[in-house]
Each structure stands twice: as C-alpha cells, then as structure tokens.
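# An overview of the molecular structure
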Amino acid sequence: QGQFALGHDNLSETIAYAIKRNARTPNLAFGVVALSHANVNLLPAFDITLCLSVAHYWHREYGEEACWSMIGALIARSRVFLFEGASIRQKYGETPPGIIDNDEQSVTRYLDERLRAAAGGGHAVRALGKVKSLGKEEFRYMYAVEKR
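Described in the following lines is the structure provided in the data block. (Residues numbered from 1 in each chain as written. Predicted model: local features only at pLDDT ≥ 70, side-chain atom pairs only at ≥ 80, totals over all residues. Heavy atoms only, no water.)

## Regarding the packing of aromatic side chains
In the structure shown here, the tally under the stated rule is six aromatic pairs. With centroids separated by 5.7 Å and ring planes inclined at 45°, the aromatic side chains of tryptophan 68 and phenylalanine 83 adopt a geometry described as tilted. Of this pair, tryptophan 68 sits in helix α3 (residues 64-76) while phenylalanine 83 sits in strand β4 (residues 78-85), and the two are 15 residues apart along the sequence. Looking at tryptophan 68, the relative accessible area reads 5%, which means it is buried. With 6.1 Å between their ring centres and 80° between their planes, tryptophan 68 and tyrosine 110 make a pair best called edge-to-face. One end of the pair, tryptophan 68, is in helix α3; the other, tyrosine 110, is in helix α4 (residues 104-119), with 42 residues separating them in the sequence. Taken as a pair, tryptophan 68 and tyrosine 110 share a single burial class, namely buried. Of the aromatic side chains, those joined through ring pairs into one cluster are Trp68, Phe81, Phe83, Tyr92 and Tyr110. One Lys or Arg, lysine 130, reaches over the ring of phenylalanine 139 and ends 5.7 Å from the middle of that ring. (Phe/Tyr/Trp six-rings, centres within 6.5 Å; stacked < 30°, edge-to-face > 60°. Helix = DSSP H or I, 4+ residues; strand = E, 2+ residues; numbered from the N terminus. Buried < 20%, exposed > 50% of the residue type's maximum accessible area, 1.4 Å probe, protein only. Lys NZ or Arg CZ within 6 Å of the ring centre and 35° of its normal.)

## As for the nonpolar core
In this structure, Trp68, Ile71, Phe81, Phe83, Leu111 and Leu115 are the most contacted members of the largest nonpolar core, which totals 29 residues. Those elements that place two or more of their residues in this core are α2 (55-62), α3, β4, α4 and β6 (139-147). Examining the composition of this core, we find that seven residues originate from one element, α3, more than from any other. The contact partners of tryptophan 68, leaving out residues within four places of it in the chain, are Phe83, Tyr110, Leu111, Arg114, Leu115 and Ala118. (Core = buried A, V, L, I, M, F, W, Y, C linked by side-chain atoms within 4.5 Å. Contact = heavy atoms within 4.5 Å.)

## Here we look at unusual backbone geometry
With a phi close to 60°, asparagine 27 is a non-glycine residue in the positive phi region. Relative to the assigned elements, asparagine 27 resides in the loop between α1 (12-21) and β2 (28-32). Backbone geometry places serine 53, a non-glycine residue, at a positive phi of 60°. As for its position among the elements, serine 53 is in the loop between β3 (46-52) and α2.

Interpretation in functional terms is not warranted from these geometric data alone.
As structure tokens, this is what we get:
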C-alpha cells in the first residue's frame, strides 16, 4: 500500500527467511533486534506496531513487570498497537500469571487488565477476538490498543 514497514526478530534465521520471501516487496525492511527492557525505549514511533506471540518470551526472560513495561513502551510509541497473548501458563515460564489454561474468561481478564495498565490513560483497549493456535493452546486472543 506504499507504506514503509519494518520487521524485526531476535533470530537471524527468521530475518533471513523474511528477507528472502519478501525480496521484491518495496518499502519493507527487516533487522535482527533483540528487544529488552534496556533498549526498547530506543525504538522510534510507529503508526502501527504488531506484537504477536512475543510477550510470553519477554515474561520468561525478564519477568512479568519488565515484560509489561516493555509493552507499555511500545504502546507509547504506537498510534495503533496490535497484541496477541498466550493462553496457557507454561508459555510464560517458571512464574506464570494467574490464568487458567485455555480458559477464555481468565485469559482475557488478565490480558485486558495488563494492557489497560500498560497503556495508561489516553488509549482505548479492545479485544478483537480469538485466533487459532498450535499445540496445547486452543486459542490466542488479539487486542488493539489505540490512542484516543
């Protein structure tokens, strides 16, 4: 659509695959970036940020509070922030949140509360719905966080 897009992942093989697959796509760039609590604030502002299937990795690596602080930093740099959260406890590591595995009410309550807290005032948080997942997860829930 003529917009510039930037994709990043912490795995070089994932980025190499994306570059090869999208070699002919204009206005698209990829880079290997290992986001952390220490460097997430270095990112520029974006119109739209997709945070798909990564928060539980940050939760495992940096802990729950640092994970949601990173998400808050991304929300602050995004006009629209699209988020997908895991729906089973084991994805979050040794100190998982108090969700019930594959329980829609438990999972959405947790994600909704944490996204609202991370976004702070001035943002609308809305659940977009369930998407199918792989393995033991029956679903993942998609959210949009938008500046008002």
